Amino acid sequence: MGRLNIIDFNLSSMSSDYKRNFFYQLDAQLKEIHRNGGIVRNFNPQSVYIDEETRTPSFQVVYPNSSSFFDEEDLKRAQVEDIEMLSTLAFCTYLSDGEMGYNLENGLLQFSVLQNNADFVRTYFPEEDLDYYQQVFGGLETPLYYSDYINRKMNGNTMGNSRSLTKSTEAGRAMAQKTEEAAYVNYILAFSLVSILTILSIFAYFYLTR
């Protein structure tokens, strides 16, 4: 067992709920990377991976922001650009669904082009996520994380039982046998630990090998 990029894993063919769960996890990891002083920048589908055993997503490279940005405004803009690119990756993944869909091997479309075609873009995102992606493609001044958006909706009980993001993996199905709230809390705690360990190992590797 190892890890596959999302093209080889064939994420495009997965269900909408599975994709939403994947991007929830990937966004939560991005948020932790930002909180721990990193920037991703590379969201090419061939550089985003998923562990074959745990189904945990990860980025190929994380860059320390201290060597790239001179002030808080530059850093904030870089974080927003990460979110814009993750949203672009999500759009291209939804767009690639089906035999006649977009080919992720071609890379990502330009965020600015998608911004200028908002009516086209909105038809491909799940209805539950339209509010979030409309804000991102409408233009952000500060970071806005998809995982925070989902957490707020779940805490407000607005997602509905049939849309639980914790049911699309084996671990999620096992947790779903408990109460929705307990399952959600356990999932977030476990994922946070994995994310933090992953981030620390990536930074350690970067500094030891540069």
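Refer to the structure printed above.
Residues numbered from 1 in each chain as written. Predicted model: local features only at pLDDT ≥ 70, side-chain atom pairs only at ≥ 80, totals over all residues. Heavy atoms only, no water.

Caption draft 1: Representation of the nonpolar core in the model. Judged by nonpolar contacts, the single largest core of 44 residues is most densely connected at Phe22, Phe23, Leu26, Phe59, Phe125, Tyr132 and Tyr146. Secondary structure elements with two or more residues in this core: helix H1 (6-9), helix H2 (16-35), strand S3 (48-51), helix H3 (72-95), helix H4 (111-115), helix H6 (130-138) and helix H7 (146-155). The leading source of residues in this core is H3, at nine residues. (Core = buried A, V, L, I, M, F, W, Y, C linked by side-chain atoms within 4.5 Å. Buried < 20%, exposed > 50% of the residue type's maximum accessible area, 1.4 Å probe, protein only. Helix = DSSP H or I, 4+ residues; strand = E, 2+ residues; numbered from the N terminus.)

Caption draft 2: Main features of the packing of H3 against H6. The N-to-C vectors of H3 and H6 enclose an angle of 125 degrees; their axes lie 10 Å apart at closest approach. In this view, H3 runs oblique relative to H6, as classed from their interaxial angle. For H3 against H6, the interelement crossing comes out left-handed. From H3, Ile83, Glu84, Ser87, Thr88 and Ala90 reach across to H6, where they touch Tyr132, Tyr133, Val136 and Phe137. (Axes fitted to C-alpha atoms, helices over the stretch in contact; angles between N-to-C directions. Parallel < 35°, antiparallel > 145°, perpendicular 65-115°, else oblique. Left-handed = near helix turned anticlockwise from the far one by under 90°. Contact = heavy atoms within 4.5 Å.)

Caption draft 3: Up close: the side chain of Asn5. Note that Asn5 resides in strand S1 (residues 3-5). Engagement of the side chain of Asn5 in a polar contact is seen with the backbone nitrogen of Ile7, the distance being 2.9 Å. Excluding anything up to four places from it in sequence, Asn5 contacts Pro45, Gln46, Val48 and Tyr49. (Polar contact = N/O pair within 3.5 Å; in protein donor to acceptor, adjacent residues only side chain to side chain.)

Caption draft 4: Here's a closer look at the sheet that holds S3. Spatially, the three strands line up as an open sheet ordered S1-S3-S4, and their pairing is antiparallel. At either margin of the open sheet sits one strand with a lone partner, and together these are S1 and strand S4 (57-59). Across this sheet, the average inter-strand angle for adjacent strands is 35 degrees, counted without regard to direction. By the bridge criterion, three bridges tie S1 to S3 in an arrangement that is antiparallel. Within S3, the position partnered with Leu4 by the bridge is Ile50. H2 contacts S3 and S4 of the sheet and is inclined by roughly 45 degrees relative to S4. (Pairing = 2+ DSSP bridges.)

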